[in-house]
Amino acid sequence: MYEFNYHKPASLADAAKLLGADEDAKLVAGGMTLVPTLKQRLAKPSDLVDLAAIGGLKGIKEEGGGVTIGAMTRHIDVHRSDVVKRVIPALAALAGMIGDPAVRNRGTIGGSISNNDPAADYPAGLVGLGATVVTTKREIVAEDFFTGLFETALGQDEIVTAVKFPKPQAAAYQKFKNPASRYAIVGVFVAKTGSGIHVAVTGAGPCVFRVPEMEAALGKSFSADAIKDISIPDDGLNSDIHASAEYRAHLVNVMARRAVAACA
Ligand SMILES: Cc1cc2nc3c(=O)[nH]c(=O)nc-3n(C[C@H](O)[C@H](O)[C@H](O)COP(=O)(O)OP(=O)(O)OC[C@H]3O[C@@H](n4cnc5c(N)ncnc54)[C@H](O)[C@@H]3O)c2cc1C
């Protein structure tokens, strides 16, 4: 680990100020991704700004018919929340599939989406449900928030404060997980939303993406059979020791059909 200055501000305004003071300053939430990165000397922040002491960033509220989740809310709290289980059970289930108990007990929704790992689960949930990311500066629709491999629309001194999820008519998430890390080799979130059917895929490509052909087919007939012949081109998909691009392309169809069948 390289040396850095550690700060634990008590307000969002102070956190944003510290973050904006040096372009190498970084926020820390659960530390589940950042701390191993620091230990391996893959990052060299000048300052670490810990969000843990800032009030109001944690918690789950039922609002406007949907659910609003504070950025510092841990995966375990989303998984166990009675509100999330009742309003968006697929989201509670998704949170319960993240990593292992240690990861779920420290990792936060704000940290996960800001990191935008290509194999993370929440990006599929946010895009699938048509969520909105609330920051210290603005509100960003999920599809505009995730911009590329480990890239988001966040500016240097911008902090995610919450995520707003509308209630879907039905939704389900299915993932084919890496048996060691539990990250998604491919994960597919399917939702019937107020703005139509969403099919959002994580793990397969450099960034979460939707599959318009499947969405159109499901719009006509919402059944696993309706998409059985829709294949995803493997061009540009991820290929690594865990799965080839061709295998991931195949898995997108398998996971999408399972998600449609599981939609409740
Ligand atoms: C062994 C292991 C297995 C895992 N398996 C999975 C899995 O199956 N699925 C999955 O989705 N994830 C998985 N993860 C990742 C896990 O979900 C992390 O919790 C998540 O990636 C980061 O959350 P965090 O709160 O720990 O963030 P941190 O590590 O503290 O921060 C991550 C990044 O986000 C930034 N950041 C943090 N909070 C904010 C904020 N509010 N606003 C703006 N930027 C912010 C930080 O500066 C940093 O760049 C795994 C991690 C580990 C170590």
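Residues numbered from 1 in each chain as written. Predicted model: local features only at pLDDT ≥ 70, side-chain atom pairs only at ≥ 80, totals over all residues. Heavy atoms only, no water.

## Structural notes on the side chain of His198
Item 1. Inspection of the secondary structure assignment puts His198 in strand β13 (residues 196-202).
Item 2. Taking the relative accessible area as the measure of exposure, His198 reaches 5% and is therefore buried.
Item 3. Reaching out from His198, the side chain makes a polar contact with the backbone oxygen of Gly128 at a distance of 3.0 Å.
Item 4. Those residues in contact with His198 that sit more than four places away from it in its chain are Val127, Gly128, Gly130, Phe189, Val190, Ala191, Thr193, Arg210 and Glu215. (Helix = DSSP H or I, 4+ residues; strand = E, 2+ residues; numbered from the N terminus. Buried < 20%, exposed > 50% of the residue type's maximum accessible area, 1.4 Å probe, protein only. Polar contact = N/O pair within 3.5 Å; in protein donor to acceptor, adjacent residues only side chain to side chain. Contact = heavy atoms within 4.5 Å.)

## A closer look at the pattern of salt bridges
Item 1. Per the counting criterion, the structure on display carries eleven salt bridges.
Item 2. Across the pair Glu62 and Arg86 runs a salt bridge whose closest N-O atoms are separated by 2.8 Å. Here the residue Glu62 occupies a position in strand β4 (residues 60-63), and Arg86 occupies one in helix α4 (residues 82-87), the gap between them amounting to 24 residues.
Item 3. The class for Glu62 is partly exposed, based on a relative accessible area of 44%.
Item 4. Between Lys164 and Glu139 there is a salt bridge, with the nearest N and O atoms lying 3.0 Å from each other. Here Glu139 lies in strand β7 (residues 139-141) and Lys164 lies in strand β10 (residues 160-165), a separation of 25 residues in the sequence. (Salt bridge = Lys/Arg side-chain N within 4 Å of Asp/Glu carboxyl O.)

## Side note on the packing of helix α5 (residues 89-96) against helix α8 (residues 122-129)
Item 1. With their axes 10 Å apart at the nearest point, α5 and α8 run at an angle of 170° to one another. With respect to their mutual orientation, α5 and α8 come out roughly antiparallel. On the side of α5, the interface is formed by Leu91, Leu94 and Ala95, while α8 contributes Tyr122, Gly125 and Leu129.
Item 2. The residue makeup of the contact of α5 with α8, split by class, is five nonpolar, one polar and no charged. (Axes fitted to C-alpha atoms, helices over the stretch in contact; angles between N-to-C directions. Parallel < 35°, antiparallel > 145°, perpendicular 65-115°, else oblique. Nonpolar A, V, L, I, M, F, W, Y, C, P; charged D, E, K, R; others polar.)

## A short note on the site of the ligand
Item 1. Surrounding the ligand, one finds 31 residues, the nearest of these being Leu27, Gly31, Thr108, Asp121 and Arg182.
Item 2. Leu34 places a main-chain nitrogen or oxygen 2.8 Å from an oxygen atom of the ligand.
Item 3. Interatomic distance of 2.9 Å between a backbone N/O atom of Val160 and a nitrogen atom of the ligand.
Item 4. The protein chains hide 90% of the 980 Å² of surface that the ligand would expose on its own. (Near = heavy atom within 4 Å. Areas by Shrake-Rupley, 256 points an atom, 1.4 Å probe, with all protein chains shown as cover.)

## Digging into the sheet that holds β13
Item 1. In spatial order, the strands read β11-β12-β13-β14; together these four strands make up an open sheet with antiparallel pairing. For this open sheet the edge positions go to β11 (170-177) and β14 (209-210), each flanked by a neighbour on one side alone.
Item 2. Sheet topology note: the β13/β14 ladder contains two bridges and is antiparallel. Looking at β14, one finds that Val201 is bridged to Phe209.
Item 3. Packing against the sheet, α5 makes contact with β11 and β12 (184-193), and its axis sits at approximately 15° to β11.
Item 4. Where α8 meets the sheet, it contacts β11, β12, β13 and β14, and its direction lies at approximately 20° from that of β12. (Pairing = 2+ DSSP bridges.)

## Quick look at the nonpolar core
Item 1. Of all hydrophobic cores here, the largest spans 37 residues; its most connected members are Leu91, Ile113, Tyr122, Leu126, Phe146, Phe165 and Phe189.
Item 2. Among residues more than four places away in sequence, those in contact with Phe165 are Gly66, Val67, Ile69, Ile88, Leu91, Ile109, Gly125, Leu126, Leu129 and Ala131.
Item 3. If you look at the next biggest cluster of nonpolar residues, it comprises 29 residues, including Ile197, Ala217, Leu237 and Ala249. (Core = buried A, V, L, I, M, F, W, Y, C linked by side-chain atoms within 4.5 Å.)

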